[in-house]
Structure formats: structure tokens, C-alpha cells
Amino acid sequence: MTEQPGRLAAYWERQLDKLEEAERKRSRKLPGWRTRKHRRALVVVLVAADLALVAGATQFKADPGWIFPAFWLTGLFAGGFAFITLRVLTGRMSGSFSRLLDEREREWRHRVTYIGYQALSYLMLIAMFYGRIVADTAAGGAMMLSALLVTGTTIPAIVLGWSLPDDDPEDFEEGMGNA
């Protein structure tokens, strides 16, 4: 029975090693986009996409016509692209294990996850009031809840994308030389 915790620990170490290797490969992607200017442009796209999701949710009806799908699909695809790209450019700081981050990155992660938690809490209150007071149907309330949940989960990437300084080009070149 004492073998089981040891095997489990070894398994997790192998998984963390795999994640670390995947992150090392991912960190070499999009070298020309690793500037604050590009990250901020993606943040603007992501915020606009989040707003499109919320706008689409306000238009959800039993027979939504074309407005709901147009807003929802635009928000979904543009937001998905911007979110995934921001996660690559910020080194997945908001979702990585502590072992994979240095002290500075760990501190950033703690800050943005706290901000994200606070924002998500307030967004869920808004969704609750919207569902109770404004929404015509339960499905309309559920659509707003979904839109605000997606918005809340993108907050850490938005904060990191907007506020992180530019990567040091020498660090990036050094990392490329080790490849």
C-alpha cells in the first residue's frame, strides 16, 4: 500500500515534465507577436468578442432570427482565437503549475487569478439578477450566464496581455539557440 503514493508521485512528475516540454515548444511560437502592442491588440479583440457574446445573449429569444447567432458566433470564434493566442503569448501564466513558473511569473499568476476570481464573482451576480429580472425565459438567463462565465474566465488573460512588459529579445534569442 505504501507503493501507491510513490507511483502516483512519479506519475505526476512525468506529467509535469511533459507539460514543461510542451510549454518550452509553445514559448517559441509567434516570436514577432511577443510585444505589448500585439498583446494589447489581441486584448481589444477579446474584450470586443466578450461584449459580442453578452450582446448576443441579450438578443436570445425563442425565435432569435439572425441577430443572436451572428453575435454569438462572432464572439465565439474571434474570442477563441484571441484567447488561445494570448495564452501562448503570455506563457500560459494564468493556468500553469507553479513548478513551471519562476517567482515573477508566479506572482503575476496569483495577482491575475485573484482579479479574475473577483470579476467572475461580480459577473455571476449580474447574471443572477439578469436571469431573475430581465430574461424572458430560463434559456435567456442561461445564455447570459454562459456569456458572462466565458467573459469572467478570460479576465486573467486580458490582464496579463494588457499589463505584461515586452519580452526581453535576448532571452528569446537565447531560448532559440538552445532549441
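Everything numeric here is computed off the predicted structure, so don't read it as measured data.

1. Observations regarding the packing of helix H2 (residues 36-58) against helix H5 (residues 138-163)
- Axis separation between H2 and H5 bottoms out at 9 Å; the angle between their running directions is 170°. Overall, the two elements H2 and H5 adopt an arrangement that is roughly antiparallel.
- Split into classes, the residues belonging to the contact of H2 with H5 amount to 15 nonpolar, six polar and four charged.

2. Brief notes about the environment of Arg109
- Inspection of the secondary structure puts Arg109 in helix H4 (residues 103-134).
- Taking the relative accessible area as the measure of exposure, Arg109 reaches 10% and is therefore buried.
- Placed 51 residues apart in sequence, Arg109 and Leu160 show a C-alpha to C-alpha distance of 8.5 Å.

3. A word on H4
- For H4, which comprises 32 residues, the first-to-last C-alpha distance of 45 Å matches the rise-based estimate of 46 Å (1.5 Å per residue) to within 8%.
- Listed in full, the buried residues belonging to H4 are Trp108, Arg109, Val112, Gly116, Leu123, Ala127 and Tyr130.
- Those residues of H4 that are buried are in contact with H2 and H5.

4. Observations concerning the UniProt feature "transmembrane region" (unreviewed entry) in the chain
- The UniProt entry lists residues 41-60, 66-90, 111-130 and 142-164 under the feature "transmembrane region" (unreviewed entry), expressed in the numbering used here.
- Segment residues 111-130 splits into 100% helix and 0% strand. End C-alpha atoms: 29 Å apart.
- Helix makes up 96% of residues 142-164 and strand 0%, whereas the separation of the span's terminal C-alpha atoms amounts to 34 Å.

5. Overview of the side chain of Thr151
- Tracing the chain through its elements places Thr151 in helix H5.
- One polar contact links the side chain of Thr151 to the main-chain carbonyl oxygen of Ala147, over a distance of 2.9 Å.

6. What about the pattern of salt bridges?
- Enumeration according to the criterion identifies one salt bridge in this entry.
- Between Glu107 and Arg111 there is a salt bridge, with the nearest N and O atoms lying 3.5 Å from each other. Within this pair, Glu107 and its partner Arg111 are both found in helix H4, separated by four residues, close to a single helical turn.
- The exposure class of Glu107 is partly exposed, given its relative accessible area of 40%.

7. Observations regarding the side chain of Asp50
- If you trace the backbone, Asp50 turns up in helix H2.
- Buried Asp50, no salt bridge; nearest opposite-charge side chain is Arg87, N-O distance 13 Å.

8. Re the packing of aromatic side chains
- Applying the stated criterion across every chain, the model contains three aromatic pairs.
- Pairwise contacts between aromatic rings join Phe60, Phe68 and Trp72 into one cluster.

9. Side note on the nonpolar core
- Of all hydrophobic cores here, the largest spans twelve residues; its members are Leu53, Ala57, Phe68, Trp72, Leu123, Ala127, Tyr130, Ala135, Met143, Met144, Ala147 and Leu148.
- Elements with a contribution of two residues or more to this core: H2, helix H3 (67-89), H4 and H5.
- No other element matches the four residues that H5 contributes to this core.
- Contact partners of Tyr130, with chain neighbours within four places excluded, come to Ala57, Thr58, Ala135, Gly140, Gly141 and Met144.
- Core analysis: the second largest hydrophobic core is formed by seven residues, Val43, Ala82, Leu89 and Ile158 among them.

10. Details of H5
- With 26 residues, H5 ought to run about 38 Å at 1.5 Å a step, and its terminal C-alpha atoms sit 38 Å apart, in line with that.
- Roughly 40° is the biggest bend found in H5, and it falls at Ile155, with proline Pro156 one to four residues downstream.

11. Side note on the environment of Thr74
- In this fold, Thr74 is placed in helix H3.
- Sequence spacing of Thr74 and Ala48 is 26 residues, and the spatial spacing of their C-alpha atoms is 9.7 Å.
- Dropping the residues within four chain positions of it, Thr74 is found in contact with Pro69 and Gly79.

Rules used throughout
- Residues numbered from 1 in each chain as written.
- Predicted model: local features only at pLDDT ≥ 70, side-chain atom pairs only at ≥ 80, totals over all residues.
- Heavy atoms only, no water.
- Axes fitted to C-alpha atoms, helices over the stretch in contact; angles between N-to-C directions.
- Helix = DSSP H or I, 4+ residues; strand = E, 2+ residues; numbered from the N terminus.
- Parallel < 35°, antiparallel > 145°, perpendicular 65-115°, else oblique.
- Nonpolar A, V, L, I, M, F, W, Y, C, P; charged D, E, K, R; others polar.
- Buried < 20%, exposed > 50% of the residue type's maximum accessible area, 1.4 Å probe, protein only.
- Expected span 1.5 Å × (residues − 1).
- Contact = heavy atoms within 4.5 Å.
- UniProt positions renumbered as here; feature names shortened; annotations may be inferred.
- Polar contact = N/O pair within 3.5 Å; in protein donor to acceptor, adjacent residues only side chain to side chain.
- Salt bridge = Lys/Arg side-chain N within 4 Å of Asp/Glu carboxyl O.
- Lys, Arg positive; Asp, Glu negative; His and termini not counted.
- Phe/Tyr/Trp six-rings, centres within 6.5 Å; stacked < 30°, edge-to-face > 60°.
- Core = buried A, V, L, I, M, F, W, Y, C linked by side-chain atoms within 4.5 Å.
- Bend = angle between axes of the 7 residues up to and from the residue.

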